[in-house]
Amino acid sequence: FELTEKKLAQIAAICRAFDGVPLALEIAAARVPSLGLAAITQDLALSSEWPAAAAGRNAARHRTLGDAMKWSYRLLNPAEQTTFQELAIFPGDFTLPDAEQLVSLQPGHAPRLLDVIYGLAEKSLITLQAGTRPGRYRYLSMLRAYALEQLGSRADTLAEKHAHFVDRRVSQALRDWTSLPTTQWGRQYEHHIDDIRAALSWAFQESHDRPLGLRILARSAPFWIQLSLHDECRQRITAALEQVEGP
């Protein structure tokens, strides 16, 4: 990459367009290898979605980041858009095998999910957690909120699918709890605590699936014990029993 005066001017234009917001600039920078500085600069200049000056500094930064997300999302192919949306059902870290349980790419001509996820990470739309084995990914909160917004009416169906995924995970974790070394069990399963919380919230909300929620709650005992979340466990059990015993 040779830094010329022309490229410096293009970089300055991109920085001005994104108001210097670091994450917005990171999203744009991730597109440079595939699009080039000139194409990015031109695309931003022509984009009708680009914000006007804002009255407040914080509002301007949030709007700038929001427009950066919309701009980058618009450039994704259909498989990438679907994956970006559906992976957001994970409230925290997820692995490639986790993603394969939930993402519904069309068979046949669809790219491999591994390649799509790798591409999203390269574009800074999801983050690979450093030092995790196996590799775990997650969303920054604003990117996840935007992805869930794009998911729209499919969110509840995917939340149900996620709850059944959690049921399978906690069942396996319960079986492994007495056979695996503590450190290995923790490395393999502890990151699912946020998935458990999300699944329980969905199952008991408006009585979506109380039997499933009770099963997850019963089988997730090792998580609450291992992570010393005894008070939260007690509160969730109490709330579940009140629902079961209520009208």
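Residues numbered from 1 in each chain as written. Predicted model: local features only at pLDDT ≥ 70, side-chain atom pairs only at ≥ 80, totals over all residues. Heavy atoms only, no water.

(A) Quick peek at the overall build of the chain. The secondary structure content of the chain amounts to 15 helices and 2 strands. The buried share of the chain, taken over its 247 residues, is 40%. Pairs at least 24 residues apart make up 66% of the contacts formed inside the chain by residues separated by at least 6 positions. As presented, the chain carries roughly 13,300 Å² of accessible surface, and 54% of it is formed by carbon and sulfur atoms. (Helix = DSSP H or I, 4+ residues; strand = E, 2+ residues; numbered from the N terminus. Buried < 20%, exposed > 50% of the residue type's maximum accessible area, 1.4 Å probe, protein only. Contact = heavy atoms within 4.5 Å. Areas by Shrake-Rupley, 256 points an atom, 1.4 Å probe, with all protein chains shown as cover.)

(B) Structural context of the packing of aromatic side chains. Under the counting rule described, the total for this entry stands at 9 aromatic pairs. Judged by centre distance (5.7 Å) and plane angle (50°), the rings of F84 and Y139 are tilted. With F84 in helix 6 (residues 78-87) and Y139 in the loop between strand 2 (137-138) and helix 9 (141-151), this pair connects stretches of sequence that are 55 residues apart. Of the two residues examined, F84 and Y139, each falls in the buried class. (Phe/Tyr/Trp six-rings, centres within 6.5 Å; stacked < 30°, edge-to-face > 60°.)

(C) Representation of the environment of D176 in the model. With respect to the secondary-structure elements, D176 resides in helix 10 (residues 155-177). Since its relative accessible area comes to 13%, D176 is described here as buried. Along the primary structure D176 and P222 are separated by 46 residues, whereas in three dimensions their C-alpha atoms are 9.9 Å apart. With near-sequence residues (within four places) excluded, D176 lies in contact with W185, Q188 and Y189. A polar contact of 2.5 Å, which involves the side chain of D176, links it to the side chain of Y189. (Polar contact = N/O pair within 3.5 Å; in protein donor to acceptor, adjacent residues only side chain to side chain.)

(D) A look at the packing of helix 12 (residues 193-204) against helix 15 (residues 230-245). Remark: helix 12 packs on helix 15, axes separated minimally by 12 Å, with the N-to-C direction vectors making an angle of 15°. The orientation of helix 12 with respect to helix 15, classified from their angle, is roughly parallel. Of the two elements, helix 12 crosses helix 15, and the hand of that crossing is left-handed. Each of R197, L200, S201 and F204 in helix 12 lies in contact with helix 15, whose residues at this interface are E232, R236, A240 and Q243. (Axes fitted to C-alpha atoms, helices over the stretch in contact; angles between N-to-C directions. Parallel < 35°, antiparallel > 145°, perpendicular 65-115°, else oblique. Left-handed = near helix turned anticlockwise from the far one by under 90°.)

(E) Representation of unusual backbone geometry in the model. The backbone of S124 shows a phi angle near 65°, a positive value even though the residue is not glycine. Turning to its location among the elements, S124 is positioned in the loop between helix 8 (113-122) and strand 1 (127-128). For S228, which is not glycine, the phi torsion reads 55° and is therefore positive. Topologically, S228 is positioned in the loop between helix 14 (221-226) and helix 15.

(F) Structural view of helix 12. The terminal C-alpha atoms of helix 12 lie 17 Å apart, and with 12 residues this matches the ideal 16 Å at 1.5 Å per residue to within 8%. The set of residues buried in helix 12 consists of I193, D195, I196, A199, L200, W202, A203 and F204. Of the surrounding secondary structure, the elements contacted by the buried residues of helix 12 are helix 10, helix 11 (182-189), helix 13 (210-219), helix 14 and helix 15. Just beyond helix 12, the residue with positive phi is E206, at close to 55°. (Expected span 1.5 Å × (residues − 1).)

(G) Just the confidence of the model for the chain, in detail. Scored by pLDDT, the chain comes out at a mean of 83, with 82% of its residues at no less than 70. The low-confidence segment residues 48-62 (pLDDT under 50) makes 21 contacts with residues lying over four places distant or belonging to another chain. (pLDDT = per-residue confidence, 0-100.)

(H) Highlighting the packing of helix 10 against helix 12. Remark: helix 10 packs on helix 12, axes separated minimally by 9 Å, with the N-to-C direction vectors making an angle of 125°. Of the possible angle classes, the one that applies to helix 10 and helix 12 is oblique. For the pair helix 10 and helix 12, the sense of crossing is left-handed. When helix 10 is examined against helix 12, the residues D156, A159, E160, H162, A163, V166 and V170 are found in contact with a partner set consisting of D195, I196, A198, A199 and W202. Split into classes, the residues belonging to the contact of helix 10 with helix 12 amount to 8 nonpolar, 1 polar and 3 charged. (Nonpolar A, V, L, I, M, F, W, Y, C, P; charged D, E, K, R; others polar.)

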